[in-house]
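So the chains spell out like this:
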Amino acid sequence: DAGVIQSPRHEVTEMGQEVTLRCKPISGHDYLFWYRQTMMRGLELLIYFNNNVPIDDSGMPEDRFSAKMPNASFSTLKIQPSEPRDSAVYFCASSLRTDTDTQYFGPGTRLTVL
Amino acid sequence: GQQVMQIPQYQHVQEGEDFTTYCNSSTTLSNIQWYKQRPGGHPVFLIQLVKSGEVKKQKRLTFQFGEAKKNSSLHITATQTTDVGTYFCAGGNQGGKLIFGQGTELSVKP
């Protein structure tokens, strides 16, 4: 298995632009997680899905952030409009059966908003 | 809500010295996991502890889970430069999600 795949690996955009981050979880994993990592705030859980259904989005910072999982092999995290304070590394992770199982992280997307 | 606190935030050691990071939860955990993130990399799973008082070893790394299942530690004996990175604990709560600590960043001076 290729592991969790994220794209793009790097994204540089200007304030106000829409940003879409993509994730392909490990095949057969029921859970998918989106995290944001910054020096100041560490690793923050934004939202997670079980069988494509959002379970907990309490970590989503504001309405500018949205996430979808249209099928078991694909998820997106969208920021619209983006702001400089959204600059961070965004990780996607998946786990097999429960929300406390081992999580397998993707390589991350480094987002820079100018 | 449940919180997982990790200390210290940073640790600088000389190569060959030991290193320990501690993890404390405000509530009883169902399990504790440890992850390592190399600089510029992503968190990678190291180990999971489930039983009260459990101790597991991986070469120079020793992991402990407290008797009350509310704390854990990771100890590295005789650090090497390859140990550099950030170590995260993550606590599982029954019926809840995995909560990550803030991580301990380890630097090793050769």
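1. Examining the nonpolar core
If you look at the biggest cluster of nonpolar residues, it comprises 21 residues, and the most contacted ones within it are A:Trp34, A:Leu77 and A:Tyr90. When residues of this core are traced back to their parent elements, those giving at least two are β3 (19–24), β4 (31–38), β5 (42–50), β7 (65–71), β8 (74–79), β9 (88–95) and β11 (109–113) of chain A. Among the nonpolar cores identified, the runner-up in size contains 20 residues, and B:Ile47, B:Leu74, B:Ile99 and B:Leu106 belong to it.

2. Observations regarding the sheet that holds strand β1 (residues 5–7) of chain A
Residues and elements named next belong to chain A. Read from one edge to the other, the open sheet built from four strands follows the order β1-β3-β8-β7, with strand pairing classed as antiparallel. With one partner strand each, in any of the chains shown, β1 and β7 form the two edges of the open sheet. Neighbour-to-neighbour, the strand axes of this sheet turn through a mean angle of 15°, independent of strand direction. Across five bridges, β7 lies against β8 in antiparallel orientation. For Lys 68, the partnering residue across the bridge sits in β8 and is Thr 76.

3. Quick notes on the packing of aromatic side chains
Residues and elements named next belong to chain B. Overall, the coordinates contain 14 aromatic pairs over all chains when judged by the stated rule. Considering the side-chain rings of Trp 34 and Phe 63, the 6.5 Å spacing of their centres and the 50° angle between planes classify their relative orientation as tilted. On the criterion of sequence distance, the pair formed by Trp 34 in strand β4 (residues 31–37) and Phe 63 in strand β7 (residues 61–65) is long-range, its members being 29 residues apart. Ring geometry for Phe 88 and Phe 100: centres 6.4 Å apart, planes at 75°, overall edge-to-face. In this pair, Phe 88 is assigned in strand β9 (residues 85–92) and Phe 100 in strand β10 (residues 98–100), connecting sequence segments 12 residues apart. Comparing Phe 88 with Phe 100, the two get one shared label, buried.

4. Let's talk about the state of the cysteines
Tallied over the full model, the rule gives two disulfides over all chains. Between A:Cys23 and A:Cys92 runs a disulfide, and the two sulfur atoms are separated by 1.8 Å. One disulfide, between A:Cys23 and A:Cys92, carries an S-S torsion of -65° and so falls in the left-handed class. Separated by 69 residues along the polypeptide, A:Cys23 in strand β3 and A:Cys92 in strand β9 bring together distant segments of the chain. By the burial criterion, A:Cys23 is buried, and A:Cys92 matches it. There is a disulfide in this structure between B:Cys23 and B:Cys89, and the S-S distance comes to 2.0 Å. Between B:Cys23 and B:Cys89 the sulfur-sulfur dihedral comes to about 75°; the bridge is accordingly right-handed.

Quick notes on the rules
- Residues numbered from 1 in each chain as written.
- Chains lettered and ligands numbered in written order.
- Predicted model: local features only at pLDDT ≥ 70, side-chain atom pairs only at ≥ 80, totals over all residues.
- Heavy atoms only, no water.
- Core = buried A, V, L, I, M, F, W, Y, C linked by side-chain atoms within 4.5 Å.
- Buried < 20%, exposed > 50% of the residue type's maximum accessible area, 1.4 Å probe, protein only.
- Helix = DSSP H or I, 4+ residues; strand = E, 2+ residues; numbered from the N terminus.
- Pairing = 2+ DSSP bridges.
- Axes fitted to C-alpha atoms, helices over the stretch in contact; angles between N-to-C directions.
- Phe/Tyr/Trp six-rings, centres within 6.5 Å; stacked < 30°, edge-to-face > 60°.
- Disulfide = S-S within 2.5 Å.

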